[in-house]
Amino acid sequence: GKYHTIFEAFRDISKQKGVRGLYQGYFSLVSREIPFSGLQFPLYEWLKRLQVKYLARRQQIDESQVKLGFANNAINGSLAGSIAGFIVTPIDVLKTRRMTHDLSQ
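Since we're looking at a predicted model, the values are computed, not measured.

Conventions adopted
- Residues numbered from 1 in each chain as written.
- Predicted model: local features only at pLDDT ≥ 70, side-chain atom pairs only at ≥ 80, totals over all residues.
- Heavy atoms only, no water.
- Axes fitted to C-alpha atoms, helices over the stretch in contact; angles between N-to-C directions.
- Helix = DSSP H or I, 4+ residues; strand = E, 2+ residues; numbered from the N terminus.
- Parallel < 35°, antiparallel > 145°, perpendicular 65-115°, else oblique.
- Left-handed = near helix turned anticlockwise from the far one by under 90°.
- Nonpolar A, V, L, I, M, F, W, Y, C, P; charged D, E, K, R; others polar.
- Phe/Tyr/Trp six-rings, centres within 6.5 Å; stacked < 30°, edge-to-face > 60°.
- Buried < 20%, exposed > 50% of the residue type's maximum accessible area, 1.4 Å probe, protein only.
- Lys NZ or Arg CZ within 6 Å of the ring centre and 35° of its normal.
- Expected span 1.5 Å × (residues − 1).
- Bend = angle between axes of the 7 residues up to and from the residue.
- Salt bridge = Lys/Arg side-chain N within 4 Å of Asp/Glu carboxyl O.

**Q** Can you walk me through the packing of helix 2 (residues 26-59) against helix 3 (residues 70-100) in this structure?
**A** Any two packed helices are characterised by how steeply their axes cross, that is the angle between the axes, and by the distance between the axes. In contact at an axis separation of 8 Å, helix 2 and helix 3 are set at 160° when each is read in the N-to-C sense. Looking at the two axes, helix 2 sits roughly antiparallel to helix 3. Note that helix 2 runs across helix 3; the crossing there is right-handed. Taken together, the residues of the contact of helix 2 with helix 3 sort by class into 14 nonpolar, ten polar and five charged.

Printed below as a string of structure tokens:
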């Protein structure tokens, strides 16, 4: 890359673009993170509830007795993150282009 150390990058960006350069793309980042998190966490909780209902029905026990293990939670988290990531990828592309765009142009 252009810089060999974080300090070198900090010094150069601060000198050339000021503090504003250090936050280049911040609002683009936030505009991606809010929709991603707003989708991921509810999806994760929904998938957990769906799995608990399925397992309770299958094992013929009350839903409160179902305990999901690590693998179940990992799968639910992976699915939720994948779905949320797929949906917000266009925003992520815009964010990345905005963050890497040279403000001096």
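**Q** Please explain the packing of aromatic side chains as it appears in this structure.
**A** Within a pair of aromatic rings, the relevant descriptors are the distance that separates the centres and the angle that separates the planes. The full count for this structure, using the stated rule, is two aromatic pairs. The interplanar angle of 85° and the centroid separation of 6.5 Å between the aromatic rings of Tyr 23 and Tyr 26 together place this pair among those described as edge-to-face. Relative accessible area serves as the criterion here: at 41%, Tyr 26 is assigned to the partly exposed category. On the numbers, 5.4 Å between centres and 75° between planes, the contact of Tyr 26 with Phe 27 is edge-to-face. Assessed through its relative accessible area of 68%, Phe 27 is described here as exposed. Among the aromatic residues, ring-to-ring pairing joins Tyr 23, Tyr 26 and Phe 27 into one connected group. The side chain of Arg 32 reaches across the aromatic face of Phe 36, ending 4.7 Å from its centre.

**Q** What exactly am I supposed to notice about helix 1 (residues 6-22) here?
**A** Structurally, the α-helix is built with 3.6 residues per turn, so residues lying three or four positions apart point the same way. Look at helix 1: only 12 Å from first C-alpha to last across 17 residues, short of the 24 Å you get at 1.5 Å a residue. Remark: the principal bend of helix 1, roughly 105°, maps to Gln 16. Looking at helix 1, one finds that the buried residues are Ala 9, Asp 12 and Gly 21.

**Q** I tried to follow the pattern of salt bridges on my own but got confused; where do I start?
**A** Pairs can form between side chains of opposite charge whenever their charged atoms are close. Enumeration according to the criterion identifies three salt bridges in this entry. Taking the shortest distance from any N to any O, the salt bridge between Arg 32 and Asp 92 comes out at 3.4 Å. On the criterion of sequence distance, the pair formed by Arg 32 in helix 2 and Asp 92 in helix 3 is long-range, its members being 60 residues apart. Here Arg 32 falls in the buried class, since its relative accessible area comes to 15%. A relative accessible area of 23% means that Asp 92 is categorised as partly exposed. When salt bridges that share partners are traced, they join Arg 32, Glu 33 and Asp 92 into one network.

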